[in-house]
Amino acid sequence: MLFKRAKKKQEKQVVDERLQHIAFIMDGNGRWAQKRGMPREFGHSHGAATFKKVGRYCESIGLKYMTVYAFSTENWKRPQKEVDTIMRILDEYIEECFIEMVDDNVHFRFIGNLDIFPAELRAKMDKIDRETAHKPFLLNIAVNYGGREEIVHACRELIREGVQDVTEDDISAHTYTACCPDPDLVVRTGGDLRISNFLLWQSAYTEYYFTDVLWPDFSGEDVDAAVAAFYARKRRYGGV
Ligand code: IPE
Ligand code: IPE
Ligand code: MG
């Protein structure tokens, strides 16, 4: 049903080369649950379902790259029960990837400081990435991701490689998103007007779109609204 709706939309709105990479700060799961008198974990389950639906939709309208902020380097501060639920959802998602990757168009990539995860889970992430690397739609899933951590990581790699005259391109090449262009558009749901350590290096000239819609309520129509707002802007990159 959801997939059919996405297909129908494809006839209506197709993006062009100006908008290839969209990124989402998927915020508002906890508040969505609390508004319903439910524990925050309930919001994360619904948020995961929204993520899959929005991913399909973005692919169907012709986007080439999508990055989602699923868990930040700061989110470990949350109550253990909530962290455990998010990690269980991640585990389940990884298992689903193994099933879906057979006929999906998606190159699944997990980005962030993955060293923190158990070796077995890391091996699965790596296997999914390698086995879907030829697919046309790149989906970066940011877990234990922090923009500052990423820049430090890039600097450490450059030092390790003995690079002396570091350039912007060198740093870009050592970010976790090195294999795709910088995001054209970052969408944050949940009503807060901040970037919370997301894609700091990559978003130097990214357009931002903020919406009060809580992530579990986010839909294809909301993607359309963000895309329309993007096309109504003029990107000047410091020029006139
Ligand atoms: C985003 O929703 C999901 C994660 C950060 C893992 P939140 O859990 O931050 O939801 P709110 O912002 O508290 O409503
Ligand atoms: C940003 O949301 C992180 C993710 C969506 C994964 P947060 O809920 O962690 O951000 P803050 O704490 O409101 O800045
Ligand atoms: Mg939040």
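Just so we're clear, the structure is a prediction, and the values are computed from it rather than from any experiment.

Notes on the site of ligand 1
In step 1: Surrounding ligand 1, one finds 13 residues, the nearest of these being Asp27, Gly30, Arg31, Arg40 and Arg78.
In step 2: In this structure, asparagine 29 approaches ligand 1 through a main-chain N or O atom, which is 3.1 Å from an oxygen atom.
In step 3: Here an oxygen atom of ligand 1 sits 2.7 Å away from a polar atom, N or O, in the side chain of arginine 31.
In step 4: When the free accessible area of ligand 1 is taken as 380 Å², the share hidden by the protein chains comes to 87%.
In step 5: It is helix α2 (residues 29-35) that provides the largest number of residues to the shell around ligand 1, a total of three residues.

Quick word on the confidence of the model for the chain
In step 1: Residues with a pLDDT of 70 or more make up 95% of the chain, whose mean pLDDT is 95.
In step 2: The low-confidence segment residues 1-5, where pLDDT is below 50, has five contacts with residues more than four positions distant or belonging to other chains.

Thoughts on the environment of asparagine 140
In step 1: Of note, asparagine 140 is situated in strand β4 (residues 137-145).
In step 2: Note: C-alpha distance between asparagine 140 and methionine 66 (74 residues apart in sequence) is 6.2 Å.

Let's talk about the environment of glutamate 82
In step 1: Among the secondary structure elements, glutamate 82 is positioned in helix α4 (residues 80-100).
In step 2: Linking glutamate 82 and glutamate 41, residues 41 residues apart in sequence, is a C-alpha distance of 6.0 Å.
In step 3: The residues contacting glutamate 82, other than those within four sequence positions of it, are Arg40, Glu41 and His44.

With respect to the packing of aromatic side chains
In step 1: If you walk through the whole model with that rule in mind, you get 15 aromatic pairs.
In step 2: Ring plane angle 70 degrees and centroid distance 5.8 Å describe the contact between phenylalanine 24 and phenylalanine 218, whose orientation is recorded as edge-to-face. In this pair, phenylalanine 24 sits in strand β1 (residues 21-25) while phenylalanine 218 sits in the loop between β6 (207-210) and α8 (220-231), placing the two residues 194 residues apart along the sequence. The burial state of phenylalanine 24 is the same as that of phenylalanine 218; both residues are buried.
In step 3: Between tyrosine 145 and phenylalanine 198, the ring centres sit 6.0 Å apart and the planes meet at 80 degrees, which makes this aromatic pair edge-to-face. On the criterion of sequence distance, the pair formed by tyrosine 145 in strand β4 and phenylalanine 198 in the loop between β5 (185-188) and β6 is long-range, its members being 53 residues apart. Each member of the pair, tyrosine 145 together with phenylalanine 198, is buried.
In step 4: Joined through ring pairs, the aromatic side chains of Tyr69, Tyr145, Tyr176 and Phe198 make up one cluster.

Considerations on the pattern of salt bridges
In step 1: One pass over the structure, following the stated rule, counts 18 salt bridges.
In step 2: In this structure, arginine 160 and glutamate 157 form a salt bridge, with 3.1 Å as the shortest nitrogen-oxygen distance. Pair noted here: arginine 160 and glutamate 157 are both in helix α6 (residues 147-160), with a separation of three residues, about one helical turn.
In step 3: Using a relative accessible area of 60% as the deciding quantity, one classes arginine 160 as exposed.
In step 4: The exposure class assigned to glutamate 157 is partly exposed, which follows from its relative accessible area of 22%.
In step 5: Several salt bridges share partner residues, and in doing so they unite Asp27, Arg31, Arg188, Asp192 and Arg194 into one network.

Digging into unusual backbone geometry
In step 1: Even without glycine at this site, asparagine 144 takes up a positive phi of about 45 degrees.
In step 2: Mapped onto the secondary structure, asparagine 144 falls in strand β4.
In step 3: Residue asparagine 144 is classed as buried on the basis of its relative accessible area, which comes to 4%.
In step 4: In the Ramachandran plot, serine 196 falls in the positive-phi region, its phi being about 45 degrees despite a non-glycine side chain.
In step 5: By the element assignment, serine 196 lies in the loop between β5 and β6.
In step 6: Serine 196 gets classed as partly exposed once you look at its relative accessible area, which sits at 30%.

Here is what the cut-offs are and how they apply
- Residues numbered from 1 in each chain as written.
- Chains lettered and ligands numbered in written order.
- Predicted model: local features only at pLDDT ≥ 70, side-chain atom pairs only at ≥ 80, totals over all residues.
- Heavy atoms only, no water.
- Near = heavy atom within 4 Å.
- Polar contact = N/O pair within 3.5 Å; in protein donor to acceptor, adjacent residues only side chain to side chain.
- Areas by Shrake-Rupley, 256 points an atom, 1.4 Å probe, with all protein chains shown as cover.
- Helix = DSSP H or I, 4+ residues; strand = E, 2+ residues; numbered from the N terminus.
- pLDDT = per-residue confidence, 0-100.
- Contact = heavy atoms within 4.5 Å.
- Phe/Tyr/Trp six-rings, centres within 6.5 Å; stacked < 30°, edge-to-face > 60°.
- Buried < 20%, exposed > 50% of the residue type's maximum accessible area, 1.4 Å probe, protein only.
- Salt bridge = Lys/Arg side-chain N within 4 Å of Asp/Glu carboxyl O.

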